[in-house]
Amino acid sequence: MRRIVIAYLVIFFFRQALHAQQTFSTRAFTIKIDEEGLVTSLINNNSKKDYAVPGKPGILLQIVKGDSTISPAKAVFSKKDIKLYYPVGIVADVRVTVKDDYIAFVLNGISSDVDAIKWGPFNTVIADTIGGAVGVVRCADFAIGIQGLNKKTSGGELVNREGAVFNNGTTATKKDFGASLQAFTVNRSKDRKITVWDRWPEVPVRAITDGELKGSSIALFGCKPGMVLPVIKKITLQDGLPYATLKKEWIKQSSGSGKPYLITTFSESNIDTFLTYAKRMGMAGVYHEDPFETWGHFVLKKTLFPHGLAGFKACVDKAHAQGLRLGFHVLTNFLTTNDAYVTPKPDTSLATAGASKITEDITDNATEIAVESPGYFILKSDLNSVRIGDEIIRFAGVSKQAPFKLTGCIRGAFGTIKAAHKANERIARLLDHPYLVFFPDWKLQKQIAANIAGFINETGADQMDFDGHEGTYATGMGDLSFNTFAEDVFKQANHPVVFGSSRANHYFWHINSYLNWGEPWYGGFRESQSDLRISNQKFYEDNYLPNMLGWFLITAQTSADDVDWMLARAAGFNAGYALVVREEALTNPHMDEIIGRINLWTEATNKRLFSAAQRMWLKNPDNDVNLFQQQGKWYMQRYQKYEFKYEARVLQPGQPTSVNWDFENKQLSQVPNIVVTAVGDDGKLNDPVVEIDHGYHVKIPVTLQAGQTLAINNAETASLYDQKGRLIRNIPLATKLPELSIGTHNVLFDAATDANSAVKVKVVIKLLENKELLK
């Protein structure tokens, strides 16, 4: 009898254990989930430290119905499954697989229709480093990460019904208590009406075959910080995530992923010239900035490639023969209005924001079109276009009262054929964009991806950016669309390709070789998006992406000193970059010196000559430095900079308008560099005056408009530059700048300007310091 009682007690406590907290452990990491489906512990197995948040447990799986997010009320555990019971009568079945280095959770099924599911949040006190895109948080001793195991599982916080993460990653997010990790899947197996691309309201989005919630899956892991990439590599290989390689190495551990490259408009006739320059500069390859006449079918420009695909392939073959890659730029799924998907007969799968019916017959010249409902035509857009049958029509607006009419119609837009139309025909609003393009729907987008992959395969091209990657949101499928497009291109390409993008994304991270953000079109060489370029570096490092500084434009007038400034930042961050070098830039008289400096900095970086302290100093964009070799040894020589500000004031009659400042030349006798910048959006200053030590005086006959710079970089000449750093002219100095002895000096500045003008003046004095030996 006693044995029977004991047996019953064993069974009773075993059953209770199935309902109580459960523990799942890898070699390095343990998580605990309680009887309510709450994640109560995130433990480092080596130190036994628990990184969960006391009093704020995470949640394994939440469901979303309408505007409500619902947590489970009860969790029942079996050997490989967890059943989660929700207070609205829904049950979710989660399969658990514990592996050596991570724990996988898969949604096996759900008992009722819901709009979405959320994995997490998994809350942790770790907040030292937060990789929002990759989904990893780490401190000095431990890292915890989440990985979506298929493209339907989006990393990030679910904040809209389309399931789009519009910023660059919320898979890991900073919180008051530390950080949280999360992922989600949207139910796309049913027709929906949602806001698309955070702009187009009430868009009908059709269900798709693989849109169900079942199969949504994540992996959780914890490990030493240095083991994060090896663990993610195992997850990638074991769970079939995209495994991208470069020269047979996984791109996340390949030194080739973040190498500098040259951007230009090459052609069949000049490709040899640009390959030679790329080789001389030590670039990884050459990238075409605008090769296509149309986007969609990707027809090459005949003026550049008269032999079409064969001509582009010949360029690729020449690049590969020199050990260089050759790439091309495209705006992902943007469709130009001259492409065959638009004209002369628009494809029926162009993306639409919704449709109505016309209520009256119209002739082929009618400029007003009566519609049943105005809803989809109210929102103004750049192309403001509709499609009726095989005709695209632009319109100016829609009347505010019934009978509703589209007004100011331009018939047969974009080369489509004007036609008469009957009452009750469908009239569909086309989605467009400020780049004056249309977009494909979910079905056509797959063909666009196939077209890009076909171009890659036919030509052998091996670099491409998914610029305008956000255009994939036009399908209404959110992150699923973003990632499916990239994965389709990746999987259909028959050779390794280096992929960049305009956006970061959790799943795309596996395909993404680099992100090279920062453009040269908005200011001078140093100024254009400078803050963005620097702030991006932490994002790259936090997300295990190679450091990249963005695009820099070399013109016929770019100075070697400006390139030196960029190269110093590259050495500090160990970063790659892209140099835009168009044909006219090859006339730059400093080009050989520029190439020499590129190679000098590259060699010094590759030899790891800079100390950690020196690299930290080189990261600061305010710092200038010279790098040189002398008798076989390497030296860097820093500039000390003094920055002063001047602005016109309302003064009493006779009071001087000049201002003077003291500065110290600490280490070398030298002629100073003086840079004067007119700061502001409006105004000007005339005939600036510089005096040094109350003896030297020079008045420079020039007018500086707001945004322009006057640089005195040698004793005899001042150079005037425009707002984008382009040389306007050189101005000889009436008197040479003096050489300054070591010690304290005084500089006076004055200029003729209106006291009511918005323009202000920045005066910078640069002085060289002693050279430092690099070891």
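Look above for the structure.
Residues numbered from 1 in each chain as written. Predicted model: local features only at pLDDT ≥ 70, side-chain atom pairs only at ≥ 80, totals over all residues. Heavy atoms only, no water.

1. Considerations on the overall build of the protein
Alright, step 1. In terms of helices and strands, the protein carries 10 helices and 51 strands.
Alright, step 2. With the principal axes as the frame, the protein shows a C-alpha extent of 110 × 85 × 65 Å.
Alright, step 3. Looking at the protein residue by residue over its 775 residues, the buried ones come to 56%.
Alright, step 4. Here the analysis covers contacts within the protein between residues at least 6 apart in sequence; of these, 68% occur between residues at least 24 apart.
Alright, step 5. As presented, the protein carries roughly 33000 Å² of accessible surface, and 50% of it is formed by carbon and sulfur atoms. (Helix = DSSP H or I, 4+ residues; strand = E, 2+ residues; numbered from the N terminus. Buried < 20%, exposed > 50% of the residue type's maximum accessible area, 1.4 Å probe, protein only. Contact = heavy atoms within 4.5 Å. Areas by Shrake-Rupley, 256 points an atom, 1.4 Å probe, with all protein chains shown as cover.)

2. As for the nonpolar core
Alright, step 1. If you look at the biggest cluster of nonpolar residues, it comprises 145 residues, and the most contacted ones within it are M281, F312, L326, F328, Y577 and L579.
Alright, step 2. Per-element accounting of this core gives the leading share, nine residues, to helix α8 (residues 560-573).
Alright, step 3. Here F328 is in contact with Y287, H288, P291, F292, F312, I452, F455, I456, A461, Q463, M464 and D465, once residues within four sequence places are set aside.
Alright, step 4. Formed by 42 residues, the second largest nonpolar core is a distinct cluster that contains L84, A172, L213 and L220. (Core = buried A, V, L, I, M, F, W, Y, C linked by side-chain atoms within 4.5 Å.)

3. Some words on the sheet that holds strand β9 (residues 91-98)
Alright, step 1. Strand order across the open sheet formed by eight strands is β7-β8-β9-β10-β20-β14-β13-β12, with antiparallel pairing between neighbours. Single-partner strands in this sheet number two, and they are β7 (74-77) and β12 (129-131). For this sheet, the mean inter-axis angle between neighbouring strands, taken without regard to orientation, is 15 degrees.
Alright, step 2. The pairing of β9 with strand β10 (residues 103-110) spans seven bridges and is classified as antiparallel. Following the sheet pairing, R95 is matched in β10 by V106.
Alright, step 3. Its contacts with the sheet place helix α2 (residues 228-238) against β13 (136-138), β14 (143-148) and β20 (217-223), and it is angled at close to 150 degrees to β20. (Pairing = 2+ DSSP bridges. Axes fitted to C-alpha atoms, helices over the stretch in contact; angles between N-to-C directions.)

4. Let's talk about the pattern of salt bridges
Alright, step 1. What the rule picks out here adds up to 33 salt bridges.
Alright, step 2. A salt bridge links E487 to K151, with the nearest nitrogen and oxygen atoms 3.1 Å apart. Within this pair, whereas E487 is found in helix α6 (residues 478-492), its partner K151 is found in the loop between β14 and β15 (154-155), the two being separated by 336 residues in sequence.
Alright, step 3. Between E289 and R582 there is a salt bridge, with the nearest N and O atoms lying 2.9 Å from each other. In this pair, E289 sits in the loop between β24 (285-288) and α4 (308-321) while R582 sits in the loop between β39 (576-581) and α9 (591-606), placing the two residues 293 residues apart along the sequence.
Alright, step 4. The exposure class of E289 is buried, given its relative accessible area of 13%. (Salt bridge = Lys/Arg side-chain N within 4 Å of Asp/Glu carboxyl O.)

5. Brief notes about the sheet that holds strand β33 (residues 426-430)
Alright, step 1. Strand order in the open sheet formed by four strands is β27-β33-β29-β30, and the pairing between neighbours is antiparallel. Each edge of the sheet is formed by a strand with only one pairing partner; in this case those strands are β27 (352-357) and β30 (391-394). The average angle at which neighbouring strand axes cross in this sheet is 30 degrees, direction not considered.

6. Section: helix α3 (residues 271-281)
Alright, step 1. Along α3, the residues that are buried comprise I271, F274, L275, Y277, A278 and M281. The buried residues of α3 occupy an angular sector of 160 degrees when the element is viewed end-on, so they sit on one face.
Alright, step 2. Downstream of α3 by one or two residues, G282 has phi in the positive range, about 75 degrees. (Arc of directions from axis to C-beta.)

7. Brief notes about the pairing of strand β41 (residues 633-646)
Alright, step 1. Taking burial as the measure, the 14 residues of β41 include 10 buried ones, the bulk of the element.
Alright, step 2. Relative to β41, strand β40 (residues 625-630) runs antiparallel, the two sharing six bridges. The residue bridging V625 from the neighbouring strand is R638, located in β41.
Alright, step 3. Linking β40 back to β41 in an antiparallel pair, the connection comprises two residues, with Q631 at a positive phi of about 55 degrees.
Alright, step 4. Pairing geometry for β41 and strand β51 (residues 760-774), over 12 bridges, is antiparallel. Residue pairing in the sheet places K645 in a bridge with K762 of β51.

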